[in-house]
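Fold and contact review
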Amino acid sequence: MNGTTGQTRHQDRVWSVDEHLDDVLSKIAPLDPIELQLLDAQGCVLVEDITVPVALPPFDNSSMDGYAVRAADTTPATQDAPISLTVIGDIAAGPGELPSVGTGQAARIMTGAPLPPGADAVVPVEWTDGGAGEGPAAEMRAHSAAPQDAGGEVRVHRPAAAGAHIRTRGSDVTEGEPALAAGTVLGPSQIGLLAALGRGTVRVRPRPRVVVLSTGSELVQPGEALGPGQIHDSNSFQLTAAARAAGALAYRVGAVADDAETLRSTLEDQLIRADLLVTSGGVSVGAYDVVKETLTALSAEEGTVEFRKLAMQPGKPQGFGLIGPDRIPLLALPGNPVSSYVSFELFVRPALRTLMGLSDVHRPILRARITDAIASSPKGRRQFLRGSHDAEAGTVAPVGGAGSHLIKAMAHANALIVVPEEATEVTADSEVDVVLLG
């Protein structure tokens, strides 16, 4: 940005919520795929179908600490008349030579260790005397403390059926079957599966990098004392947290004073690390609305940002455009805390999920019975009120008033109650659309 004055498009018409959202999403494309190490891919969207290269588990193994046996040898075993088997060695998890189990023999085996030739069942150690010559054992004695237990005899008090306590090869997944489909968001379990399949890297769309800043000379960093006319900056924290919750890598710049040159240089500095920029404040019609002033002055080479009036409450003033040489999307949100958060949910979150390459970018919307009447709603505007949704009862209750500064009410809400443009009031016990949050 070089400060050259350009022409930002202005339109006097009022945009609907859907028109603005459609315009935003039409100008945003999913990020290009990259190859990432597994842990770096957490939270990213997979862009390739993954098939199983080798069966899991790759060999028959024990699901218990106990003894690998021939099931037929244990058939007569009872608590009162245990049978004795000759212990021929230990089998621990990991590589090693496996002894062959013959008739009347047993091999002490640990959980996860491969089943030895000749054995077709595992007797849990609790069904034996553990080689101690006494009653049922609670556990195996450590090899270092009782090396003799790797030999000698073990008494078995209960029979084991063929196949008992064995995890057979391919019982989880078989070679060649689908493991994960493109479009899957990689969480801990999916990362674990990829690791189990031997994948060290995976091809994904990266998590979008979001830079969040708020504007206003009255804003003070939390933890610092307030002076006359000052308030703590909550928007940059709220919006950064919301971006992270949506799956983005979010960077909080903090508050920028109401000075056009300061904002211009700040935006210029941040473009290098942003896939999306989010500002709050300074988009209305005041004399110190610095975001509108600064972005209106962008040249055609630097991008175009349009400021609009939307038929919604809260969040009437909105700005959107593509700036910088790489045309980075910028969403300029209003400064009131509730207005900025509602605007994030309606416009920024879908934009982030579009960058991630997700197929479903919207919050779930359902119908619920409203417990309290809404006395008035502005005609011609879609109103979004904070609500407390009870999924079990199928109800929603308004939380706090309609004021766009009531941030406490937002913190106690788990939904947005939608009052359509044509409605001027809502009666108690009627059904409304509810946008679920979180």
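Here's what I pulled together on the structure shown here. Throughout, a residue's number is its position along its own chain's written sequence, starting from 1. This being a predicted model, a pLDDT of at least 70 is required before a residue's local features are given, and a value of 80 or more before pairs of side-chain atoms are given or counted; all residues contribute to the totals for chains, interfaces and linings. As a rule here, side-chain values come from all non-hydrogen atoms in the structure, and water together with hydrogens is ignored.

1. A look at the overall build of the protein
Helical segments are the DSSP runs of H or I of at least four residues, strand segments are the runs of E of at least two, and each set is numbered from the N terminus. Each helix and strand in the protein was counted, giving eight helices and 27 strands. C-alpha atoms define the radius of gyration, and 2.2 Å times the number of residues to the power 0.38 defines the globule rule. Its C-alpha atoms give the protein a radius of gyration of 32 Å, more than 25% over the compact-globule value 22 Å for 438 residues. A sequence separation of at least 24 residues applies to 72% of the contacts in the protein between residues at least 6 apart. Here the open area of atoms and residues is found with the Shrake-Rupley method and a 1.4 Å probe, where only the protein chains shown may cover a residue. On the protein, roughly 20,000 Å² of surface is accessible, and the fraction owed to carbon and sulfur atoms is 51%. Positive charge is attributed to Lys and Arg, negative charge to Asp and Glu, and no charge count is given to His or to the chain ends. The atoms used to mark charge sites are NZ of Lys, CZ of Arg, CG of Asp and CD of Glu. Taking the 34 positively charged and 52 negatively charged side chains of the protein as two groups, their mean positions are separated by 5 Å. In what follows, a contact means two residues having at least one pair of non-hydrogen atoms within 4.5 Å.

2. Here we look at the sheet that holds strand 2 (residues 34-37)
In this description, strands pair whenever DSSP reports at least two bridges between them. Taken together, the three strands give an open sheet; going across it, the order is 2-13-3, and neighbouring strands pair in antiparallel fashion. Edge positions in the sheet fall to strand 2 and strand 3 (45-46), since each of these pairs with one other strand and no more. Across two bridges, the pairing between strand 3 and strand 13 (residues 201-205) is antiparallel. Bridge pairing links L46 to V204 in strand 13.

3. Remarks on the pattern of salt bridges
The term salt bridge refers to a pairing of a side-chain nitrogen on Lys or Arg with a carboxyl oxygen on Asp or Glu at a separation within 4 Å. For the structure on display, the rule yields 16 salt bridges. Note that R382 is salt-bridged to D18, the shortest N-O span being 3.2 Å. Residue R382 is found in strand 24 (residues 382-390), and its partner D18 is found in helix 1 (residues 17-26); the two are separated by 364 residues along the sequence. Working definition: with a 1.4 Å probe on protein chains only, accessible area under 20% of the residue-type maximum means buried, over 50% means exposed, and in between means partly exposed. Residue classification places D18 among the partly exposed residues on the basis of a relative accessible area of 39%. Between R308 and E306 there is a salt bridge, and its shortest N-O distance comes to 3.2 Å. Here E306 falls in the buried class, since its relative accessible area comes to 1%.

4. What about the environment of E261?
Note that E261 resides in helix 5 (residues 260-270). Take E261: its relative accessible area is 52%, and that puts it in the exposed class. Distance in space between the C-alpha atoms of E261 and A68 is 77 Å, their sequence separation being 193 residues.

5. Considerations on helix 4 (residues 235-245)
Every buried residue belonging to helix 4 is among N235, S236, Q238, L239, T240, A242 and A243, and all of these are buried. Buried residues along helix 4 sit in contact with strand 14 (209-215), strand 17 (249-256), strand 18 (276-280), strand 22 (328-333), helix 7 (337-356) and helix 8 (407-411). Of the residues flanking the end of helix 4, it is G247, one or two places downstream, whose phi is positive at about 110 degrees.

6. Observations regarding the environment of D32
Relative to the helices and strands, D32 is located in the loop between helix 1 and strand 2. Classification of D32 by relative accessible area gives exposed; the value is 64%. Beyond its immediate sequence surroundings of up to four residues, D32 is in contact with R205 and P206.

7. Some remarks on the sheet that holds strand 6 (residues 66-69)
Taking strand neighbours across the sheet as the criterion, the five strands line up as 9-6-8-7-10 in an open arrangement whose pairing is mixed. Of all strands in the sheet, those bounded by a partner on one side alone are strand 9 (121-124) and strand 10 (153-156). Shown here is a sheet whose adjacent strand axes are inclined to one another by a mean of 40 degrees, direction ignored. Helix axes use the C-alpha atoms of the stretch in contact, all axes being lines fitted to C-alpha atoms, and the angles between their N-to-C directions lie in the range 0 to 180 degrees.

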